[in-house]
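Secondary and tertiary structure notes
Letter by letter, the chains look like this.
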Amino acid sequence: MKIICIGLPKTGTTSLHNALKHLGYTSVHFANDPVTVDQLRRGDYRLKVLEEHDAISDIPVPAIFPQLDTAFPGAKFIETHRPVESWIRSQQDAPFNSAPPKPGHPRDFYRAMLYGVTCFNEERFRYIHAEHTRRVEHYFAERPQDLLTMDLTKGHGWAELCAFLGKPEPAIPFPRKNVKPKNPAA
């Protein structure tokens with residue numbers, strides 16, 4: 001069984017990636033190796049990296065999840081989700097959004113695939129957040145058993161993930177990566 005994590009970047013994909021590894025899955029986050037990039041440029045979605053790993057997450061996966069579903073029948077899908085306002089703030093603060101990627105770099109190509117722009121653009125990112133949520137809901141409307149939506153900002157963690165994957169819950173806290181301290185004035 002393949003696990004395809006279709007949450008947008010900055011929605012908890014790194015935390016999910018680490019949780020899956022803790023559960024014993026081999027997982028790749030931000031697959032930007034030359035073979036994967038070449039396959040995607042050619043429209044070949046039977047990704048070698050996913051044939052060699054149990055799970056994949058982060059950009060460009062949210063842009064191509066229907067094609068990955070076709071290429072890997074029987075896969076389980078996990079959408080990490082985050083409210084749009086905190087997601088926009090996180091995108092604005094992300095170091096990789098501080099400057100445009102170099103042309104030809106995988107991040108440049110992947111951003112064009114997912115967002116339709118290669119630089120942070122608040123209006124476009126808000127649109128993509130809403131559109132991605134709509135696409136996921138529509139795509140899995142007849143197959144809810146194949147999709148888990150997790151919102152780590154609401155405390156989702158081991159209980160939801162392990163129930164979905166049929167795994168026992170570990171006796172450790174759910175990994176929370178890239179979490180900024182809460183602003184007490186907010």
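Let us look at the structure shown here. (Residues numbered from 1 in each chain as written. Predicted model: local features only at pLDDT ≥ 70, side-chain atom pairs only at ≥ 80, totals over all residues. Heavy atoms only, no water.)

Before going further, it helps to spend a moment on the packing of aromatic side chains. Per the counting criterion, the structure on display carries 10 aromatic pairs. For the pair Phe 30 and Tyr 110, a centre-to-centre distance of 6.1 Å together with 85 degrees between the ring planes defines the contact as edge-to-face. One end of the pair, Phe 30, is in the loop between β2 (27-29) and α2 (34-41); the other, Tyr 110, is in helix α6 (residues 106-115), and 80 residues separate them in sequence. Each member of the pair, Phe 30 as well as Tyr 110, is classed as buried. Where Tyr 115 meets Phe 125, the ring centres are 4.0 Å apart and the plane angle is 15 degrees; that geometry is what we call stacked. A residue pair is termed long-range when its members are at least 10 positions apart, and Tyr 115 in helix α6 and Phe 125 in helix α7 (residues 122-139) qualify at 10 residues. The class of Phe 125 is buried, set by a relative accessible area of 0%. Above the plane of the ring of Phe 164 lies Lys 76, whose end atom (NZ or CZ) is 4.8 Å from the centre. (Phe/Tyr/Trp six-rings, centres within 6.5 Å; stacked < 30°, edge-to-face > 60°. Helix = DSSP H or I, 4+ residues; strand = E, 2+ residues; numbered from the N terminus. Buried < 20%, exposed > 50% of the residue type's maximum accessible area, 1.4 Å probe, protein only. Lys NZ or Arg CZ within 6 Å of the ring centre and 35° of its normal.)

Helix-helix packing is characterised by the crossing angle of the two axes and by the distance between the axes. Where helix α4 (residues 61-71) meets α7, the closest approach of the two axes is 10 Å, and the angle between their N-to-C directions is 15 degrees. Accordingly, the angle class assigned to the pair α4 and α7 is roughly parallel. You can see that α4 and α7 cross each other, and the crossing is left-handed. The residues of α7 that touch α4, namely those facing Pro 62, Ala 63, Phe 65, Pro 66 and Asp 69, are His 132, Arg 135, Val 136 and Tyr 139. In terms of residue class, the contact of α4 with α7 is built from 6 nonpolar, 1 polar and 2 charged. (Axes fitted to C-alpha atoms, helices over the stretch in contact; angles between N-to-C directions. Parallel < 35°, antiparallel > 145°, perpendicular 65-115°, else oblique. Left-handed = near helix turned anticlockwise from the far one by under 90°. Contact = heavy atoms within 4.5 Å. Nonpolar A, V, L, I, M, F, W, Y, C, P; charged D, E, K, R; others polar.)

Geometry only, nothing functional implied.
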